[in-house]
Amino acid sequence: ARDTTPRLAEQGEPGGQRWLKLELKLLADVGLVGVPNAGKSSLLAAATNAKPKIAPYAFTTVTPNLGVWRSAADTEASLVLADIPGLLEGAHEGKGLGRAFLRHIERCRLLLHVVDGTRPDPLGDFEAVNTELRLFSPRLANKPQVIVLNKLDVPAVAEAAPQLLERLPPAAGH
């Protein structure tokens, strides 16, 4: 065995100090966005092996959840999905859980906008969430979006779906 004990020691100099604020942002391929209780967590649970909390009240999701979708056809293909808590009007100013979660959306390559068909004004909710994205960051407003009309298993939603699906593309700028 070797003797590795130092034989020489010098007096050190005072070190530097610095306060840092570090912020962790999630990185996902797809960010699920929408109003509270739109069905984002249910969609994440159905598409991945994630086990997010799911309940019939607003703000069940208080932290982002991640899940990995894997293609059945191509074993190499996968996507990381992030379930972002619901956004309210004023989220860009910090209302609700807003600003903290809007920052997570910045790191997503694609937004999957879940529209709750059972809400009184689904189109208005869609526009309100997009307004919050734009007011927080113009870059967010320009991210590619896929719009999903959810809760089509409810008869009233299924009946109103054709009209709503006709009105959503113009609201999305298509």
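All values reported here derive from a predicted model rather than from experimental measurement.

Could you clarify how one ought to interpret the sheet that holds strand E5 (residues 145–150) in this entry?
Within a sheet, adjacent strands bond to each other through the backbone by hydrogen bonds, running parallel or antiparallel. Strands sit in the order E2-E3-E1-E4-E5 across an open sheet of five strands; the sheet is mixed. Across the chains shown, the open sheet's two edge strands, defined by having one partner strand only, are strand E2 (65–70) and E5. Going across the sheet, the axis of each strand differs from the next one's by a mean of 25°, ignoring polarity. Pairing of strand E1 (residues 28–33) with strand E3 (residues 78–83), which is carried by three bridges, proceeds in the parallel orientation. In the strand pairing of E3, glycine 31 is matched with alanine 82. On the sheet, helix H3 (residues 122–136) packs against strand E4 (108–116) and E5 and is oriented at approximately 150° with respect to E4.

Would you explain the pattern of salt bridges in this entry?
For side chains bearing opposite charge, pairing can occur when the charged atoms are close. Within this structure, the stated rule accounts for three salt bridges. Across the pair aspartate 29 and arginine 109 runs a salt bridge, and its minimum N-O distance is 3.5 Å. With aspartate 29 in strand E1 and arginine 109 in strand E4, this pair connects stretches of sequence that are 80 residues apart. A relative accessible area of 18% means that aspartate 29 is categorised as buried. Salt-bridge contacts for lysine 151 lead to aspartate 116; the nearest nitrogen and oxygen are separated by 3.1 Å. One end of the pair, lysine 151, is in the loop between E5 and helix H5 (155–172); the other, aspartate 116, is in strand E4, and 35 residues separate them in sequence. Among the residues examined, lysine 151 registers a relative accessible area of 23% and is labelled partly exposed.

Looking at this structure, how should I read the nonpolar core?
Generally speaking, nonpolar side chains in soluble globular proteins are found buried as a group. By size, the foremost hydrophobic cluster in this structure holds 23 residues, and its most contacted members are Leu87, Leu102, Ile105, Leu111, Leu133 and Leu140. Within the residue set of this core, elements represented by two or more residues are E1, E3, helix H2 (98–105), E4 and H3. Leucine 87 has contacts with Gly34, Val35, Pro36, Leu102, Ile105, Val129 and Leu133, leaving out every residue within four places of it along the chain. Leu123, Leu149, Ala161 and Leu164 belong to the second-largest nonpolar core, a separate cluster that totals seven residues.

Help me out: how do you make sense of unusual backbone geometry in this one?
With glycine set apart, most residues show a phi of negative sign, and most peptide bonds adopt trans. Of note, asparagine 37 is a non-glycine position whose phi angle comes to about 65°, a positive value. The phi torsion at lysine 151 lies on the positive side, around 70°, for a residue other than glycine.

How should I be thinking about the packing of H3 against H5 in this particular structure?
Where H3 contacts H5, the axes come no closer than 10 Å and their chain directions differ by 20°. One finds that H3 runs roughly parallel with respect to H5. Our pair here, H3 against H5, has a crossing hand that is right-handed. Contacts between H3 and H5 involve Pro122, Leu123, Phe126 and Glu127 on the former and, on the latter, Leu164, Arg167, Leu168, Ala171 and Ala172.

Rules and cut-offs
Residues numbered from 1 in each chain as written. Predicted model: local features only at pLDDT ≥ 70, side-chain atom pairs only at ≥ 80, totals over all residues. Heavy atoms only, no water. Pairing = 2+ DSSP bridges. Helix = DSSP H or I, 4+ residues; strand = E, 2+ residues; numbered from the N terminus. Axes fitted to C-alpha atoms, helices over the stretch in contact; angles between N-to-C directions. Contact = heavy atoms within 4.5 Å. Salt bridge = Lys/Arg side-chain N within 4 Å of Asp/Glu carboxyl O. Buried < 20%, exposed > 50% of the residue type's maximum accessible area, 1.4 Å probe, protein only. Core = buried A, V, L, I, M, F, W, Y, C linked by side-chain atoms within 4.5 Å. Parallel < 35°, antiparallel > 145°, perpendicular 65-115°, else oblique. Left-handed = near helix turned anticlockwise from the far one by under 90°.

Remember, this is a structural readout, not a statement about activity or role.
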